[in-house]
Every structure is written in C-alpha cells, then in structure tokens.
Amino acid sequence: MSIPTETLSRFILRSEAEHPEATGELSDLLTSIGVGVKMIGHLVASAGFSGVHGYTGRKNVQGEQTHQLDEDADEILVDLLGSSGHFGSLVSEERDGVLETEAVRNGAKYVVAFDPLDGSSNIGSNIPVGTIFTIFRVRDDERGATQEDFLQQGREVVAAGYSVYGAKTSFVYSAGNGVHGFTLDRTIGEFVLTEESMKMPKRGSIYSVNEGYWEKWSEKLQAFISSLRSQANRMGYAYTGRYVGSLVADFDRTLRKGGIFLHPGNVERPGGKLRLLYECIPLAFIAQQADGCASDGPTEILDILPNDIHERCPFIVGGEEESQWFREEFSDCPCR
Ligand code: AHG
Ligand code: MN
Ligand code: MN
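These numbers were taken from a predicted model, which means no experiment stands behind them.

Caption draft 1: Focus on the sheet that holds strand β7 (residues 159-165). Read from one edge of the open sheet, 8 strands run β4-β3-β5-β6-β7-β8-β9-β10, paired in mixed fashion. Edge positions in the open sheet fall to β4 (99-100) and β10 (190-195), since each of these has one partner strand only. Relative to β10, strand β9 (residues 179-185) is paired through 5 bridges, and the arrangement is antiparallel. Paired with D185 across the strands is E190, a residue of β10. Along the sheet, helix α1 (residues 8-17) contacts β8 (169-174), β9 and β10; its crossing angle with β8, the most-contacted strand, is approximately 10°. In this fold helix α5 (residues 247-257) packs onto β5 (110-118), β6 (129-137), β7, β8, β9 and β10, with an angle of close to 105° to the strand it touches most, β7.

Below you can see the structure in the form of structure tokens.
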C-alpha cells in the first residue's frame, strides 16, 4: 500500500506552480483554512470532555439557537482568516453582517463566507458535522472589499470546500481545477491527499431527503420522491434512503456514491432552509467541478445572484442522470 505523502500545502503549491500568474496567496489562504478546520475538528472531538455540547442560550441572525461549538468554530475562523492578511472581509452564518478585517485597508484580494459548523444540532449524538467555505475575488481593488463582493454568482467562486468531522476528518476543496479530497493524518497533524480529481458517479442508488416534510411538499415533489422509491421508475430500480441531517455528511456521501440529495422548499418555507452563500453555492461549485449538478429547482445554483448574505435557497444536488431526471420533472435547469 503506498503511503500518502502529498500534504495539503504541498498539493496547493504544486497546483499553483501550474499557473504562472499565481501569486501564492491562494496557497496561503487555503492553508489557513486547513489549519482552522484542524482546530475545529479537535474542538468537536473533545467536546464531550469539555462540556461544550450545549446551547449558548443565544440566537444567531437566522433566529436559530446557537451551540457553544457554533460560536467557538466561528471564533477560530474569524481569528485565523481575519489575521491571514488575504481576506478584506468575512461573512459567517453566526454573524449578522459583513466583518471587515484589517487587511481591507491593505488591499486584500479576497473575501470569504463560511458556515463554521454545519449540522450542529447533531453534535450531542456523535453524528458527523463539518465546516463549509467559499472564496470570492474582490471585484474592485481600488475600493477594497465590501458587502457587494459577497453578492456574486457561484460561477465567480475562486475556491470552495468543506470538511467533515466524522470517523476521520476529511477536507474536500476545489480551486476550479477539479475536486480533491484530503484526510487528516493525526500522527503528523497534516491533511494528506487521498482522492485526486473526484467525480460524482453519473448514476447512484441513494436518495436523501427529510421525509418528515412530506405533507408540506407539492404533489409533484411527492410523486418524484415516490418514483425514486419504486422499481418501476425510469432507472428500473428502487433507490434506498439515507439522511444524516448534516448537509456536509449528506453531500459528501452524494459526491462519493452518487444519487440525489434534496432540501427543497415547501408550503411553509418556499424559499428553502439552506443558506445560498455559504452552504448551497460552495457545494454547487464542488458538484459542478465533479460533473454533478445543483439547482434550486428551476435554476442552477451557480447562476443565482444572491441579494442578501444570509439568503436561503431550496437545494437539490445529484449526479448527471438524477439531475437530468429531476430537471425533466421540475425545471429547464441548464445543468447539462
Ligand atoms: P446548520 O447546523 O449550519 O444550521 O445547518 C443545518 C442544516 C444542514 O446541515 C442540514 O442539511 C439541514 O440543516 C437539516 O435540516 P432539517 O432538520 O430540516 O432536515
Ligand atoms: Mn449549515
Ligand atoms: Mn452552521
């Protein structure tokens, strides 16, 4: 068995070396994110001992109860990324507005939006959780980073990725040249390359949706979910159901095994639950780089222009054939 020795930092530098115009900044900022993810992974793993499972008693801008770990993970990323010198401003799920950093006055080229801890309601029961990030280029170097730099379509993403804190700590990212997966080698404290150029299977056999919302779905969506479960469907076999309830875990399985994940809108929440900027766009970017496809139903996620940094969005993501199937039922989504 060959021992993986390509660390995240070496891989990023090797990738940048293939682009003469690269300044090395992207390497630095992705490495900073890698350090933050390692720190958050440690927090999650030790939460049981240090009693930080609990709620803080506060609510975030989304009106959701925050866990102590949500705030601790947020603090780690704000500190590391804010002081990296590469980000003029940051957006976090846990903060109301855009956080300007010292670097904004020194002409930092990038802005970063993140979900510091995704799936945090699962923390107490040792179910995988994760971190999601997306990086945009500041559009006007003269004026410095502003809120406008976060309101870009996903096609403008410079790099995006996520981590999963589970049986292993994994880190998956793309800087526009394919999707690459790393696993934390705890003995050396480094992420090592374990999957290069990941591709979402064209067709899978798993569907993933919270069926607790069944009664709030349209009849059309109910019919689609029923057809996934029936072997009389167009694929000729019944899909099996898997739903973790942590977006990063459900997405990571869909990326690796294929199939379809849905967190659609419903009569109570037609705009969906997941956040466009720091959940849907980064994962849609990864999916597209891995030959998958993500839409909100009618529109490909990467074509949606956010109006607000905390905007929510229905999210359906899957392999080529499941996306084609969904598109023919629900939309003229131009994924392919
Ligand atoms: P977060 O913990 O960052 O608020 O995200 C939770 C999200 C996402 O992880 C998951 O897919 C979804 O909530 C689950 O929602 P339901 O409980 O409505 O299925
Ligand atoms: Mn989340
Ligand atoms: Mn979160």
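Caption draft 2: Up close: the coordination of the manganese ion (ligand 2). Distances from the manganese ion (ligand 2) to its protein donors, D115 (OD), D118 (OD) and E279 (OE), fall within 1.9 to 2.1 Å. Separating the manganese ion (ligand 2) and the manganese ion (ligand 3) is a distance of 3.7 Å, and D115 donates to both of them. Here D115, found in strand β5, pairs with E279, found in helix α6 (residues 276-289); they are 164 residues apart in sequence, far enough to count as distant.

Caption draft 3: Region of interest: the nonpolar core. Counting 43 residues, the largest nonpolar core has Y162, F251, L255, L277, I301, F315 and V317 as its most contacted members. Going through the elements one at a time, β5, β6, β7, α5, α6 and β15 (315-318) are the ones with two or more residues in this core. Beyond its immediate chain neighbours, meaning those up to four positions away, F251 contacts Y162, M200, L283, I286, A287 and V317. Counting residues in each nonpolar core, the second largest holds 38 residues, with L30, L43, I76 and L80 among its members.

Caption draft 4: Inspection of the packing of α5 against α6 at higher detail. The interhelical angle for the contact between α5 and α6, taken along N-to-C directions, is 15°, at an axis separation of 11 Å. Relative to α6, α5 is oriented roughly parallel. Of the two elements, α5 crosses α6, and the hand of that crossing is right-handed. Of the residues in α6, those touching α5 at L247, F251 and L255 are E279, L283, I286 and A287.

Caption draft 5: Highlighting the environment of L184. Structurally, L184 is set in strand β9. A relative accessible area of 14% means that L184 is categorised as buried. Once the C-alpha coordinates of L184 and E321 are considered, the two residues, 137 residues apart in sequence, prove to be 32 Å apart.

Caption draft 6: Just the coordination of the manganese ion (ligand 3), in detail. Distances from the manganese ion (ligand 3) to its protein donors, namely E93 (OE), D115 (OD) and L117 (O), fall within the range 2.0 to 2.3 Å. Donor residues binding the manganese ion (ligand 3) come from one chain and are separated in sequence as E-x21-D-x1-L. Look at D115 and you get buried, because its relative accessible area is 0%.

Caption draft 7: Seen up close, the domain arrangement of the protein chain. You can read the domains of the protein chain as domain 1 (8-195) and domain 2 (206-329). When each unit is reduced to the centre of its C-alpha atoms, the spacing between domain 1 and domain 2 is 23 Å. On the side of domain 2, 33 residues touch domain 1, which itself brings 49 residues to the contact. Each partner contributes to the roughly 3,000 Å² buried at the junction of domain 1 and domain 2, and carbon and sulfur atoms together form 59% of this total. Interface area lost by domain 1 to domain 2 is led by L151, R155 and Y162, which between them contribute 20%. For the salt bridge of R256 with E195, the shortest nitrogen-to-oxygen distance reads 2.8 Å. Remark: the boundary between domain 1 and domain 2 carries 17 residue pairs in polar contact (both at pLDDT 80 or more). At the level of secondary structure, the elements contributing two or more residues to the side of domain 1 that touches domain 2 comprise β3 (87-92), β5, β6, β7 and β8.

Caption draft 8: Highlighting the environment of I301. Note on placement: I301 falls in the loop between β14 (293-295) and β15. The exposure class assigned to I301 is buried, which follows from its relative accessible area of 0%. The sequence separation of I301 and I316 amounts to 15 residues, and the corresponding C-alpha distance is 9.0 Å. The contact partners of I301, leaving out residues within four places of it in the chain, are L276, C280, I281, A284, A294, S295, D296, C313, P314 and F315.

Caption draft 9: Structural detail: the site of ligand 1. Not every one of the 18 residues close to ligand 1 is listed here, only the nearest: D118, G119, Y213, Y243 and L247. At 3.0 Å, a side-chain N or O of D115 approaches an oxygen atom of ligand 1. Within the side chain of N210, one N or O atom sits 2.9 Å away from an oxygen atom of ligand 1. Across the complex, the protein chains shield 88% of the 470 Å² of accessible surface that ligand 1 would expose by itself. Most atoms of ligand 1, that is more than half of them, are within 2 Å of grid points of the largest pocket. Among the elements that take part in the shell around ligand 1, β5 stands out by supplying 3 residues, more than any other. Across the shell around ligand 1, the residue classes break down as 5 nonpolar, 6 polar and 7 charged. Two domains share the shell around ligand 1, each providing at least three of its residues, namely domain 1 (8-195) and domain 2 (206-329).

The rules we used
- Residues numbered from 1 in each chain as written.
- Chains lettered and ligands numbered in written order.
- Predicted model: local features only at pLDDT ≥ 70, side-chain atom pairs only at ≥ 80, totals over all residues.
- Heavy atoms only, no water.
- Pairing = 2+ DSSP bridges.
- Helix = DSSP H or I, 4+ residues; strand = E, 2+ residues; numbered from the N terminus.
- Contact = heavy atoms within 4.5 Å.
- Axes fitted to C-alpha atoms, helices over the stretch in contact; angles between N-to-C directions.
- Donors = N, O, S within 2.8 Å, 3.2 Å for Na, K, Ca; no water.
- Core = buried A, V, L, I, M, F, W, Y, C linked by side-chain atoms within 4.5 Å.
- Buried < 20%, exposed > 50% of the residue type's maximum accessible area, 1.4 Å probe, protein only.
- Parallel < 35°, antiparallel > 145°, perpendicular 65-115°, else oblique.
- Left-handed = near helix turned anticlockwise from the far one by under 90°.
- Domains from an automatic or database assignment.
- Buried area = accessible area lost by both parts, 1.4 Å probe.
- Salt bridge = Lys/Arg side-chain N within 4 Å of Asp/Glu carboxyl O.
- Polar contact = N/O pair within 3.5 Å; in protein donor to acceptor, adjacent residues only side chain to side chain.
- Near = heavy atom within 4 Å.
- Areas by Shrake-Rupley, 256 points an atom, 1.4 Å probe, with all protein chains shown as cover.
- 1 Å grid on protein atoms, 1.4 Å probe; cavity = no way out; pocket = protein on both sides within 12 Å on 5 of 7 lines; lining within 4 Å.
- Sits in = over half its atoms within 2 Å of the grid points.
- Nonpolar A, V, L, I, M, F, W, Y, C, P; charged D, E, K, R; others polar.

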